[in-house]
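Below, each chain spelled out in residue letters.
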Amino acid sequence: MLDDLRDLYQEVIFDHNKNPRNFRLMDDADRQIDGFNPLCGDRITLFIKISDGKIADASFQGQGCAISTASASLMTDIVIGQTEQEAQSLFTLFHKMAIGEPVEMDELGKLAVLAGVCEYPARVKCATLPWHTLDALLKGAEEPVTTE
Amino acid sequence: MNQISKKLPAYDVEAIRQDFPVLNQQVRGKQLVYLDNAATSQKPKAVIDSIVQYYENDNANIHRGVHTLSERATLSYENSRKKVQAFLNADSHKEIVFTRGATEAINLVANAFAEKLSAGDEVLITAMEHHSNIVPWQMLCEKTGAELKVAPINAQGELIVEEFAALISKKTKFAAISHMSNALGTINPIKQLIDLLHQYDIPVLIDGAQAIPHISVDVQALDCEFYVFSGHKLYAPTGIGALYGKMEQLEQMSAYQGGGDMISVVTFDKTVYNKVPYKFEAGTPNIAGTIGLGAAIDYVSRIGIDAIAAHENSLLAYAVEQSQRIEKLTIIGTAEQKGAIMSFVLDGIHPHDIGTMMDHQGIAVRAGHHCAMPVMDFFGVPATARASFAMYNTHQEVDALMAGIENLIEMFG
């Protein structure tokens, strides 16, 4: 019945939604920021630790749909160990993928499971909220980020 | 209206569906099941035709020009005012002001009351209001130094009338209450509340945006100072709505926007404003929308609002009963007096995912905070999914809704 939905809701997404990685408070974070999608009420708080120019740790808290939760889970997993610049390039790449622009899927690795979101304009912001939040955090923003 | 509906044989939902062209389509390969009526209703052919008729035959500006088309357009526009008057049972058609919708009508009133309020005064609303019946009053309070008081609701989503009464005092200078909650479906005992407020001579505005397609309204029996609604939830086009105000109130109120049509005489020294209701209708209005609203009122009146309500209530009762077999489903808003809205959450599944997964089955439901964030906070949920019923929905569509929910629960695992 819902087979065609599998492009969007892949098993990996259900897995990350049920057991999100890095879903924890970080008391000793170097930076933290809130992200908010006013349209659907999704909220995320993102924490990072920076050491030697690299993201030494990343975690998140908040509540959101399966897409945004899985996206935050995958994102924190992948950026740990990256330099700030690498994470920002990945954001650019991910954003392109989410809005349906051609990208080299290999460069996205695990993040490619979210490629289906470009077919669902109403859901693109669910997938990109964690990334916009990370981007703002890396740019040193302090005010909460919104997707609107 | 009641008498007309009694003359009709049985409620013929299939015949009604034929009047709504949009319902006859497939979405994502499935027959469309439209259950987002609390956001906006679909439009019957009669409404669409009235707009086409206006643009094809009568299009002209109103209240100016002596030519035939302008006279026709003016007549149709003013006829719609009389239809709204009759629909609300207002004393005079002059008590009906056309607005863009309920939101603009509330802003118009809040704007006018800014002159009458000052620091130390209070405005009373309820905890179940839509943002459009919160924010204009917050803005009014910011401007005047008045304080916004919010009467609480209970776990069923009902207004706690004793607490509402306890918040009324000599400081209370205005009250604004929804007739029916868009997020919960709760129908407020507005007559009782209006009577309570009138003991202190407090003017009251009733937000009828959600109630208007479901409940017969008699503003004279209610005795409210203001009643507002949007046409698009009443099977009329978007961008048109109405404000009912008692003449004595409207006459005291300052104009909302300046421009053409709202004046009698303009010189560079001074402007003399036009009479009520034209004083509040600056600029060329939504003529086609107003005519469409008139056609929608004719259509609804022909079927009968009480017959429509009876049909919708049977759909709601059936949906509530059927939903009990779904263990993960919790209904948000279980008031004893309730209109045809079923807001719900599914354990472990975010409403936004529900929305997408239902859409994939051709079923349109709303997922989100329903412009009622304080209500969501009260129930401790970020959002809900909401199925809302209209005159053209069927029991089979309720079955499709339940099957759709069961399918997505299975997919989520």
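On a predicted model such as this, the values are computed, not experimentally measured, just so you know.

Bringing the pattern of salt bridges into the picture now. Where charged atoms from two side chains of opposite charge approach closely, those side chains can pair. All names here are of chain B. Per the counting criterion, the structure on display carries 23 salt bridges over all chains. As a salt-bridge pair, Lys 149 and Glu 147 come within 3.4 Å of each other at their nearest N and O atoms. According to the relative accessible area criterion, Glu 147 is partly exposed, its value standing at 42%. Notably, a salt bridge pairs Glu 225 with Lys 246, separated by 3.2 Å at the nearest N-O pair. In this pair, Glu 225 sits in the loop between α9 (219-222) and β9 (226-230) while Lys 246 sits in the loop between β10 (241-245) and α10 (247-252), placing the two residues 21 residues apart along the sequence. Taken together, the shared-partner salt bridges connect Glu 78, Arg 81 and Glu 281 into one network.

With 98% of its residues at a pLDDT of at least 70, chain B reaches an overall mean of 95. In the predicted structure, residues 1-8 of chain B sits below a pLDDT of 50 and forms 13 contacts with residues beyond four places in sequence or in another chain.

The subject of this paragraph is the domain arrangement of chain B. Residues and elements named next belong to chain B. Per the domain assignment, the segments making up chain B are domain 1 (2-31 + 304-412) and domain 2 (48-301). Relative placement of domain 1 and domain 2: their C-alpha centres are 28 Å apart. Here domain 1 meets domain 2 over a buried area of about 2,500 Å², counting both sides, of which 61% is carbon and sulfur. On the domain 1 side of the contact with domain 2, Ile 305, Ile 341 and Cys 371 bury the most area, a combined 22% of that side's loss. In this assembly, domain 1 and domain 2 are joined by 16 residue pairs in polar contact (both at pLDDT 80 or more). Elements supplying a minimum of two residues to the side of domain 1 that touches domain 2: α12 (305-323), β14 (341-346) and α14 (373-379). For the side of domain 1 that touches domain 2, the element with the most residues is α14, which contributes six residues. Taken together, the residues of the side of domain 1 that touches domain 2 break down into 23 nonpolar, eight polar and six charged.

Turning next to the sheet that holds β10(B). Residues and elements named next belong to chain B. Strand order in the open sheet formed by seven strands is β4-β10-β9-β8-β7-β5-β6, and the pairing between neighbours is mixed. The open sheet has two free edges, formed respectively by β4 (96-99) and β6 (147-151), since each of these has just one partner strand. Taking the axes of each pair of neighbouring strands and ignoring which way they run, one obtains an average angle of 20° across the sheet. Here helix α5 (residues 102-113) sits on the sheet in contact with β4, β7 (172-178), β8 (204-207), β9 and β10, set at roughly 150° to β9.

Each partner contributes to the interface: chain A provides 25 residues, whereas chain B provides 19 residues. Run the count over chain A and chain B and you get one salt bridge. Asp353(B) is the salt-bridge partner of Arg123(A), the closest N and O atoms lying 2.9 Å from each other. Linking chain A with chain B are eight residue pairs in polar contact (both at pLDDT 80 or more), by the criterion used here. Sorting the residues of the side of chain A that touches chain B by element identifies α1 (11-18) and α2 (66-79) of chain A as the ones contributing at least two each. The dominant element in the side of chain A that touches chain B, judged by the number of residues it contributes, is α1(A), at three residues. In terms of residue class, the side of chain A that touches chain B is made up of 16 nonpolar, four polar and five charged.

Looking now at the packing of aromatic side chains. Residues and elements named next belong to chain B. Scanning all chains against the criterion turns up 16 aromatic pairs over all chains. An angle of 85° between the planes, with centres 6.0 Å apart, marks the rings of Phe 113 and Phe 226 as edge-to-face. Residue Phe 113 is found in helix α5, and its partner Phe 226 is found in strand β9; the two are separated by 113 residues along the sequence. On the basis of relative accessible area, Phe 226 is assigned to the buried category, the value being 0%.

With that settled, consider the side chain of Glu225(B). Residues and elements named next belong to chain B. The exposure class assigned to Glu 225 is buried, which follows from its relative accessible area of 7%. A polar side-chain atom of Glu 225 sits 2.9 Å from a polar atom in the side chain of His 198. There is a polar contact of 3.0 Å between the side chain of Glu 225 and the backbone nitrogen of Val 204.

What follows concerns the nonpolar core. All names here are of chain B. Leu 88, Phe 164, Tyr 227 and Met 391 are the most contacted members of the largest nonpolar core, which has 78 residues in total. With ten residues, the top contributor of residues to this core is helix α11 (residues 287-303). Shared between two domains, this core takes at least three residues from each, and those domains are domain 1 (2-31 + 304-412) and domain 2 (48-301). In contact with Tyr 227, other than residues within four places in its own chain, are Leu 88, His 179, Ile 206, Gly 208, Ala 211, Ile 212, Val 217, Val 219, Leu 222, Ala 242, Leu 243 and Tyr 244.

Quick look at unusual backbone geometry now. Look at the link from Val276(B) to Pro277(B): it is a cis peptide, with omega at 5°. Inspection of the secondary structure puts Pro277(B) in the loop between β12 (271-273) and α11. One non-glycine residue, Asn22(A), lies in the positive phi region at around 60°. Position of Asn22(A) among the secondary structure elements: in the loop between α1 and β1 (31-37). The exposure class assigned to Asn22(A) is buried, which follows from its relative accessible area of 14%.

Further remarks concern helix α4 (residues 68-88) of chain B. Residue and element names in this part refer to chain B. Compared with an ideal rise of 1.5 Å per residue, which puts 21 residues at 30 Å, α4 spans 30 Å between its outermost C-alpha atoms and is within 8% of the ideal. Of all the positions in α4, only Ser 70, Ala 73, Thr 74, Tyr 77, Glu 78, Ser 80, Arg 81, Val 84, Gln 85, Phe 87 and Leu 88 are classed as buried. Directly after α4, the chain includes Asn 89, whose backbone phi takes a positive value near 55°.

So, on to the pairing of strand β3 (residues 54-63) of chain A. All names here are of chain A. Relative to β3, strand β2 (residues 42-51) runs antiparallel, the two being bridged by nine bridges. From the neighbouring strand, Ser 51 faces β3, where its bridge partner is Lys 54. Linking β2 back to β3 in an antiparallel pair, the connection comprises two residues, with Asp 52 at a positive phi of about 55°.

Conventions we followed
Residues numbered from 1 in each chain as written. Chains lettered and ligands numbered in written order. Predicted model: local features only at pLDDT ≥ 70, side-chain atom pairs only at ≥ 80, totals over all residues. Heavy atoms only, no water. Salt bridge = Lys/Arg side-chain N within 4 Å of Asp/Glu carboxyl O. Buried < 20%, exposed > 50% of the residue type's maximum accessible area, 1.4 Å probe, protein only. Helix = DSSP H or I, 4+ residues; strand = E, 2+ residues; numbered from the N terminus. pLDDT = per-residue confidence, 0-100. Contact = heavy atoms within 4.5 Å. Domains from an automatic or database assignment. Buried area = accessible area lost by both parts, 1.4 Å probe. Polar contact = N/O pair within 3.5 Å; in protein donor to acceptor, adjacent residues only side chain to side chain. Nonpolar A, V, L, I, M, F, W, Y, C, P; charged D, E, K, R; others polar. Pairing = 2+ DSSP bridges. Axes fitted to C-alpha atoms, helices over the stretch in contact; angles between N-to-C directions. Phe/Tyr/Trp six-rings, centres within 6.5 Å; stacked < 30°, edge-to-face > 60°. Core = buried A, V, L, I, M, F, W, Y, C linked by side-chain atoms within 4.5 Å. Expected span 1.5 Å × (residues − 1).

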